[in-house]
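Each chain is listed here by its residues.
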Amino acid sequence: MRFDLTEDPTGLWFWTLSDDRSGAVVCSPSRFRTQVQAFADIAAFKASVSIAGVLIGDRPKRRERDDGSGQLGLL
């Protein structure tokens, strides 16, 4: 997967997250005046995705820790 930074015809920047199999996965929800702002938004998006949980059905999946306490986490 990769992020592509693109300048549109009006001079505003946006990013697209793509993979090699299906192409564009998600695009930035807004345009940015500078390439630096678009790059900063990529960093913020990556940080928010890295802490995202997994929803199974209508509630997050619980994973039991070794100490017996429950913890939300990835499968």
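Thresholds applied
- Residues numbered from 1 in each chain as written.
- Predicted model: local features only at pLDDT ≥ 70, side-chain atom pairs only at ≥ 80, totals over all residues.
- Heavy atoms only, no water.
- Helix = DSSP H or I, 4+ residues; strand = E, 2+ residues; numbered from the N terminus.
- Polar contact = N/O pair within 3.5 Å; in protein donor to acceptor, adjacent residues only side chain to side chain.
- Contact = heavy atoms within 4.5 Å.
- Salt bridge = Lys/Arg side-chain N within 4 Å of Asp/Glu carboxyl O.
- Buried < 20%, exposed > 50% of the residue type's maximum accessible area, 1.4 Å probe, protein only.
- Pairing = 2+ DSSP bridges.
- Axes fitted to C-alpha atoms, helices over the stretch in contact; angles between N-to-C directions.

Per an unreviewed UniProt entry, the chain carries the name DUF1508 domain-containing protein and comes from Methylobacterium planeticum.

Here Ser28 shows up in the loop between β3 (23-27) and α1 (35-50). At a separation of 3.1 Å, a polar atom in the side chain of Ser28 contacts the main-chain carbonyl oxygen of Ser30. Among residues more than four places away in sequence, those in contact with Ser28 are Phe14, Trp15 and Asp41.

Pairing between side chains of opposite charge can happen when their charged atoms approach one another. According to the stated counting rule, one finds 3 salt bridges in the structure shown. Ionic pairing is found between Arg2 and Asp20, a salt bridge with its closest N-O pair at 3.6 Å. Of the two residues, Arg2 sits in strand β1 (residues 2-7) while Asp20 sits in the loop between β2 (13-19) and β3, which places them 18 residues apart along the sequence. Taken together, the shared-partner salt bridges connect Arg2, Asp4 and Asp20 into one network.

Let us now look at the pairing of β2. Burial of β2 is extensive: 7 of the 7 residues sit out of reach of the surface. With burial as the criterion, each face of β2 is covered, one bearing Trp13, Trp15, Leu17 and Asp19 and the other bearing Phe14, Thr16 and Ser18. Here 6 bridges tie β1 to β2, and the two strands are oriented antiparallel to one another. By the bridge assignment, Thr6 is partnered in β2 with Phe14. Following β1, the chain reverses through 5 residues before pairing antiparallel with β2; Gly11 in that reversal takes a positive phi of roughly 90°.

The strand order across the open sheet built from 3 strands is β1-β2-β3, with neighbouring strands paired in antiparallel fashion. Looking at the sheet topology across the chains shown, the edges are occupied by β1 and β3. Looking at each pair of strands side by side, their axes are set apart by 40° on average, direction ignored. Where β2 and β3 come together, 4 bridges link them in antiparallel fashion. Considered in β3, the bridge of Asp19 is made with Gly23.

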